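The lines below spell out each chain.
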Amino acid sequence: MEDSIKMPRHVAVIMDGNGRWAKKNGVSRLTGHNQGMLAMKEIIKKADMMGIKYLTVYAFSTENWKRSQEEVGGIFNLLVKFVGSELAELDANNVKVHILGEYREKVPEAAIASIEKAIKTTADNDGLQFNIALNYGSRAEITKAVKTLCRKVEEGELKASEVTEDMVSRQLYTGDENGNIPDPDLIIRTSGEERLSNFLLWQAAYSEFAFTDTLWPDFTPEEFESLIEEFSTRGRRFGGR
Ligand code: FPP
């Protein structure tokens, strides 16, 4: 097994700290999310320039529904705004937009329409794959995979004793039918929190982590690059020696 990897193929980001940034700057939480969206736009460009193949962002979790209706609505409005202003450029840059999560459930119609437009427009692109985790929860994802496999067992297509890790992987949002996205090499979380918060639990089995105190709206392409450089010096053995 190779001892180190120069460039991560897949970087996943937990964009945390928009609310604290808003408080610190005396503005509304939604203004914080808007600044977060601007930061995200710059990171997509940087990841693309650096030749990263997959960039995944945690935009809205299954737990985020607990927030006020105003904040939830505002985040989805931002998504609509993001697609409206960025889709042409993303497409021109050969970026492929992909969603991880149950984006057709509970999500406002306008946001679903924007997402579907972005997916359709960029479907044939083969540059950076930009995955937006939306109405995403890792436990829900794994539970769904288990249910699908159980159904196959019930229907006699499969024996329980034949279930493999690979079969579980293939049923996840990142699995075969969903673009076969490799596990993240590096997971970045901003704002000083150091936990996964129900993000890519299965896929993160061998991921490296990078934590920074920077609040997401203040996170810059330069810091992104320096975290990637730091990652590239780490030795990864995947449980081997
Ligand atoms: C976490 O900060 C951030 C979110 C729950 C939303 C992330 C959304 C964006 C960056 C907006 C744009 C995204 C798209 C896809 C258009 P927090 O609110 O939990 O911050 P806090 O912990 O400081 O309160």
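Refer to the preceding data block for the structure.
Attention here is on the structure that accompanies the text. (Residues numbered from 1 in each chain as written. Predicted model: local features only at pLDDT ≥ 70, side-chain atom pairs only at ≥ 80, totals over all residues. Heavy atoms only, no water.)

## Some words on helix H3 (residues 69-92)
And step 1. The terminal C-alpha atoms of H3, which comprises 24 residues, lie 35 Å apart, in line with the 34 Å expected from a rise of 1.5 Å per residue.
And step 2. Where H3 bends most, at Glu-86, the angle is about 55°.
And step 3. Those residues of H3 that fall on the buried side of the exposure criterion are Glu-71, Val-72, Gly-74, Ile-75, Phe-76, Leu-78, Leu-79, Phe-82, Val-83, Glu-86, Leu-87 and Leu-90.
And step 4. In this fold, the buried residues of H3 make contact with helix H2 (29-49), strand E2 (54-61), strand E3 (96-100), helix H4 (109-122) and strand E4 (129-136).
And step 5. Looking one or two places after H3, you find Asn-94, whose phi comes out positive at around 70°. (Helix = DSSP H or I, 4+ residues; strand = E, 2+ residues; numbered from the N terminus. Expected span 1.5 Å × (residues − 1). Bend = angle between axes of the 7 residues up to and from the residue. Buried < 20%, exposed > 50% of the residue type's maximum accessible area, 1.4 Å probe, protein only. Contact = heavy atoms within 4.5 Å.)

## Observations concerning unusual backbone geometry
And step 1. Of note, the phi angle at Ser-191 is positive, near 80°, even though the residue is not glycine.
And step 2. Secondary-structure assignment places Ser-191 in the loop between strand E5 (186-189) and strand E6 (208-211).
And step 3. Positive phi values are uncommon outside glycine, yet Asn-198 reaches one of about 65°.
And step 4. By the element assignment, Asn-198 lies in the loop between E5 and E6.

## A look at the site of the ligand
And step 1. Taken together, 17 residues are adjacent to the ligand, and Met-15, Gly-19, Arg-20, Arg-29 and Arg-67 come closest.
And step 2. Burial of the ligand by the protein chains amounts to 91% of its free accessible area of 620 Å².
And step 3. Looking at the shell around the ligand, the elements that each hand over two or more residues are helix H1 (18-24), H2 and H3.
And step 4. At 5 residues, H2 tops the list of elements feeding residues into the shell around the ligand.
And step 5. A per-class count over the shell around the ligand returns 7 nonpolar, 6 polar and 4 charged. (Near = heavy atom within 4 Å. Areas by Shrake-Rupley, 256 points an atom, 1.4 Å probe, with all protein chains shown as cover. Nonpolar A, V, L, I, M, F, W, Y, C, P; charged D, E, K, R; others polar.)

## Notes on H2
And step 1. Helix length check: H2 (21 residues) gives 30 Å between terminal C-alpha atoms against 30 Å at 1.5 Å per residue, within 8%.
And step 2. Buried residues of H2: Gly-32, His-33, Asn-34, Gly-36, Met-37, Ala-39, Met-40, Lys-41, Ile-43, Ile-44, Lys-46 and Ala-47, and no others.
And step 3. In this fold, the buried residues of H2 make contact with H1, E2, H3, E4 and helix H7 (221-232).

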